[in-house]
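Residue strings, one per chain:
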Amino acid sequence: MLKTPVNLSKSVLVKRLIYRLIISALMLMLVSLAVTAFVTWSYEKRGLENQFKEIGRNYGKIIQSALWQNDEETIKIVLMSLSQMPGIQSAHIHEESGIKFKAGEKDPDMGFVHDFQISHTYNGKVYELGYLHVEQDPNYVSHKIIQEVLVIGLSQAAIILLVSVLMFVLTYRYVIVRLLTIQSHTASLSPDTLNEPMMEIHKNSDPDELDDLSKTINKMQKNLQASFAAQKVLELKLRQDQEKLEDIVRERTASLSTINEQLHLEIGEKEKLQAEREKIITDLQSALDEIKKLSGMLPICASCKKIRDDKGYWNQLEDYISKHSEAVFSHGICPECAKKLYPEFDLY
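Everything in this summary refers to the structure shown in the same document. The written sequence of each chain sets the order in which its residues are numbered from 1. In keeping with the model being predicted, local features are shown solely for residues with a pLDDT of at least 70 and side-chain atom pairs are shown and tallied solely at 80 or more, while totals for entire chains, interfaces and linings include all residues. Computation of side-chain values: all heavy atoms of the structure, hydrogens and water removed.

### Describing the overall build of the protein
For step 1, the next point in the chain: Labels follow the DSSP assignment, with helices taken as runs of H or I lasting at least four residues and strands as runs of E lasting at least two, numbered in each case from the N terminus. Along its length, the protein carries 6 helices and 6 strands.
For step 2, the next point in the chain: In sequence order, the protein lays out its α and β elements as α-α-β-β-β-β-α-α-β-β-α-α.
For step 3, the next point in the chain: The 348 residues of the protein split such that 22% are buried.
For step 4, the next point in the chain: Residue contacts are counted whenever heavy atoms from the two residues lie within 4.5 Å of one another. Here the contacts in the protein between residues at least 6 apart in sequence split such that 56% fall between residues at least 24 apart.
For step 5, the next point in the chain: Accessible surface computed for the protein: about 25,900 Å², of which carbon and sulfur atoms make up 59%. Each residue's exposure class comes from its accessible area (1.4 Å probe, protein chains only) as a fraction of the maximum for that residue type: buried when under 20%, exposed when over 50%, partly exposed otherwise. Computed by Shrake-Rupley with a 1.4 Å probe, the accessible areas treat only the displayed protein chains as cover when residues are assessed.

Here you go:
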């Protein structure tokens, strides 16, 4: 088994996963807080409306009877009781002329307000007794909403963080570590390590896609190992054939070099013979030309023996022959001329 070290601190995948989990958790927290605030506000608003309805049902008849009987003590007790209820800022009864009874302090930034019309029917006639004016405490609902949002939001944030951490741990354990192991294994592959398969990184009776990927990599290693082995055999055979071919080339080169040297010698001999032949031909041609120059009829003086050339000039016999041939004259005297010219000398 090939065990390859996994450097998790430098893993870009881990960093991206942590970053995206943090962003996703924060977004879920914000959405959860917004939803919680809206739901809580709707619930409190509906609860306040129900509270006003309960006030109308429970206190309307009492206040109506007390007003009809002008029972101020009962009215004050009822109004005080209303002003002390959770979420109620003040309660007072007013007529067209103004406030008649009140309990609690009226807030200029009052919240939700509800007016209850109080009337009494006597002998078939309806008498308008006034209005019960109930004001909501503007800080009560907001504080309650904030409190509930904080409690619910913090609990949901804790749940989101816990789920995010659990998701990260599970993803890290079952996906990231295995992917990094596969990446590290493939990065360390070489022709020398192809025979070492990847170690099992997830022993499970039900293999998943990463297990299939590991098996595929091991199968690819076997195929590559077989390919490299076949390649080595081919390279060895090719090297042997190349060596044989080089031996044949060397033999043929040596043979051709010998033949080439012989050809150079033969060509040199032939060139030498050709040069000699051409020289002989040239000499023969020159001799033939000279012979042709001295052939034919030569005009010669019958007295002084001068020869006339083609230009009409008369030349001494020896000058003409020397000029038109390679003959060289040496002067002497024949016996007849010697006797004739020098009779007093016995030259011969």
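### Digging into the pattern of salt bridges
A side chain with one charge may pair with a side chain of the opposite charge, provided their charged atoms come close.
For step 1, the next point in the chain: Throughout this description, the term salt bridge denotes a Lys or Arg side-chain nitrogen within 4 Å of a carboxyl oxygen of Asp or Glu. Taken as a whole and assessed by the stated rule, the structure comprises 2 salt bridges.
For step 2, the next point in the chain: Its salt-bridge partner being Asp283, residue Lys279 comes within 3.2 Å of it at the nearest N-O pair. Placement of both Lys279 and Asp283 in helix H4 (residues 209-294) is noted, with a separation of 4 residues, approximately one turn of the helix.

### Quick word on the packing of aromatic side chains
For step 1, the next point in the chain: Working definition: rings of Phe, Tyr and Trp (its six-membered ring) pair if their centres are within 6.5 Å, and the pair is stacked with planes under 30 degrees apart, edge-to-face with planes over 60 apart, and tilted otherwise. Summed over the entire model, instances satisfying the criterion amount to 3 aromatic pairs.
For step 2, the next point in the chain: Aromatic side chains Trp68 and Tyr122 sit 5.8 Å apart centroid to centroid with 40° between the ring planes, which places their arrangement in the tilted category. Of the two residues, Trp68 is situated in helix H1 (residues 12-69) and Tyr122 in strand E3 (residues 113-122); the sequence distance between them amounts to 54 residues.
For step 3, the next point in the chain: Taking relative accessible area as the criterion, Tyr122 reaches 43% and is therefore assigned partly exposed.
For step 4, the next point in the chain: Seen from their ring centres, Trp68 and Tyr127 are 5.4 Å apart, and the 50° between their planes marks the pair as tilted. A residue pair is termed long-range when its members are at least 10 positions apart, and Trp68 in helix H1 and Tyr127 in strand E4 (residues 125-136) qualify at 59 residues.
For step 5, the next point in the chain: Given a relative accessible area of 29%, Tyr127 falls into the partly exposed group.

### Some points on a nonpolar patch on the surface
For step 1, the next point in the chain: Within this analysis, patches are made of residues with over 30% relative accessible area and no salt bridge. Like charges are joined at 9 Å or less; nonpolar side chains (Val, Leu, Ile, Met, Phe, Trp, Tyr) at 5 Å or less. Taken together, the side chains of Leu13, Leu166, Leu170, Tyr174, Val175, Leu179 and Leu213 present a nonpolar region at the surface, about 560 Å² in accessible area.
For step 2, the next point in the chain: The element that contributes the greatest number of residues to the nonpolar patch is helix H3 (residues 138-187), accounting for 5 residues.
For step 3, the next point in the chain: As for its position among the elements, Leu13 is in helix H1.
For step 4, the next point in the chain: For Leu13, a relative accessible area of 39% corresponds to the partly exposed category.

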